[in-house]
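Results of the structural survey
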Amino acid sequence: MKGLLKGLATTAKVLARGSHTAQYPHTEPELPERSRGVIALLEENCTSCMLCARECPAWCITIDSHKETVPAATEGGRDRQVNVLDRFDLDYSLCMYCGICIEVCPFDALFWAPDFAYAEGDIRNLLHDKERLGTWMARVPGRDADEPQEDEG
């Protein structure tokens, strides 16, 4: 009998506290500012160095680029060749969200954005191209989506 009363007292105490359940998706959760959600691409900073694609353990990043010749800025200077990004695809059906691609990017072209609600009904729609990855830049904390960031090194 003593155990039964103790159990009922515990139940009554828990019932009085109220619910801790968040009513998602009707109420958006309050996430920490630096939470990992989706990977955003700042296309202007990407030099097609392929470090992110090589270091990715899931091989979910595909990059295609070509070289273009840039004329010399001054008379007598040499023409330069630069890589132009043609394709940057990230397959979220394979991504492990480990963040290695963001860590190894020497040009600050990849960032974490706190968005997490990008589920799709078809797995083929989880392949995000550079335009779609660029739209996530507006949600990256502490970054302006319209301005390319210079390296402070």
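Anything mentioned here points back to the structure above.
Presented here is a report on the structure given in the accompanying data block. (Residues numbered from 1 in each chain as written. Predicted model: local features only at pLDDT ≥ 70, side-chain atom pairs only at ≥ 80, totals over all residues. Heavy atoms only, no water.)

Brief notes about helix α1 (residues 2-17)
With 16 residues, α1 extends 23 Å between its outermost C-alpha atoms, agreeing within 8% with the 22 Å of an ideal straight helix rising 1.5 Å per residue. Gly18 sits one or two residues past α1 and shows a positive phi near 95°. (Helix = DSSP H or I, 4+ residues; strand = E, 2+ residues; numbered from the N terminus. Expected span 1.5 Å × (residues − 1).)

Thoughts on the environment of Glu131
Here Glu131 is to be found in helix α4 (residues 130-135). Spatially, the C-alpha atoms of Glu131 and Ser19 are 41 Å apart, while their sequence positions differ by 112 residues.

Focus on a nonpolar patch on the surface
A cluster of nonpolar side chains, Met1, Leu4, Leu5 and Leu8, forms an exposed patch at the surface whose accessible area comes to about 480 Å². Tracing the chain through its elements places Leu4 in helix α1. (Patch = residues over 30% accessible without salt bridge, like charges linked within 9 Å, V, L, I, M, F, W, Y side chains within 5 Å. Areas by Shrake-Rupley, 256 points an atom, 1.4 Å probe, with all protein chains shown as cover. Salt bridge = Lys/Arg side-chain N within 4 Å of Asp/Glu carboxyl O.)

So, the sheet that holds strand β3 (residues 80-91)
Read from one edge of the open sheet, three strands run β2-β3-β5, paired in antiparallel fashion. Here the strands that pair on one side only, and so sit at the sheet edges, are β2 (61-70) and β5 (127-128). Here β2 pairs with β3 via ten bridges, running antiparallel. Looking at β3, one finds that Thr69 is bridged to Gln81. (Pairing = 2+ DSSP bridges.)

Quick notes on the layout of surface pockets
By rolling a water-sized probe across the atoms, one finds the places where empty space is left. Computed from the structure, the largest pocket encloses a volume of approximately 180 Å³. Taken together, Glu28, Pro29, Leu31, Pro32, Glu33, Pro114, Asp115, Phe116, Ala117, Trp136 and Arg139 make up the lining of the largest pocket. (1 Å grid on protein atoms, 1.4 Å probe; cavity = no way out; pocket = protein on both sides within 12 Å on 5 of 7 lines; lining within 4 Å. Points joined across faces, edges and corners; volume = space filled by probe spheres on them.)

Here's the deal with the packing of aromatic side chains
Scanning the entire structure with this criterion turns up four aromatic pairs. Between Tyr24 and Phe116, the ring centres sit 5.8 Å apart and the planes meet at 40°, which makes this aromatic pair tilted. Residue Tyr24 is located in the loop between α1 and β1 (38-41), and its partner Phe116 is located in the loop between β4 (110-113) and β5; the two are separated by 92 residues in the primary sequence. Its relative accessible area of 36% is what places Phe116 among the partly exposed residues. Members of the aromatic cluster, each reached through a chain of ring pairs, are Tyr92, Tyr97, Tyr118 and Trp136. (Phe/Tyr/Trp six-rings, centres within 6.5 Å; stacked < 30°, edge-to-face > 60°. Buried < 20%, exposed > 50% of the residue type's maximum accessible area, 1.4 Å probe, protein only.)

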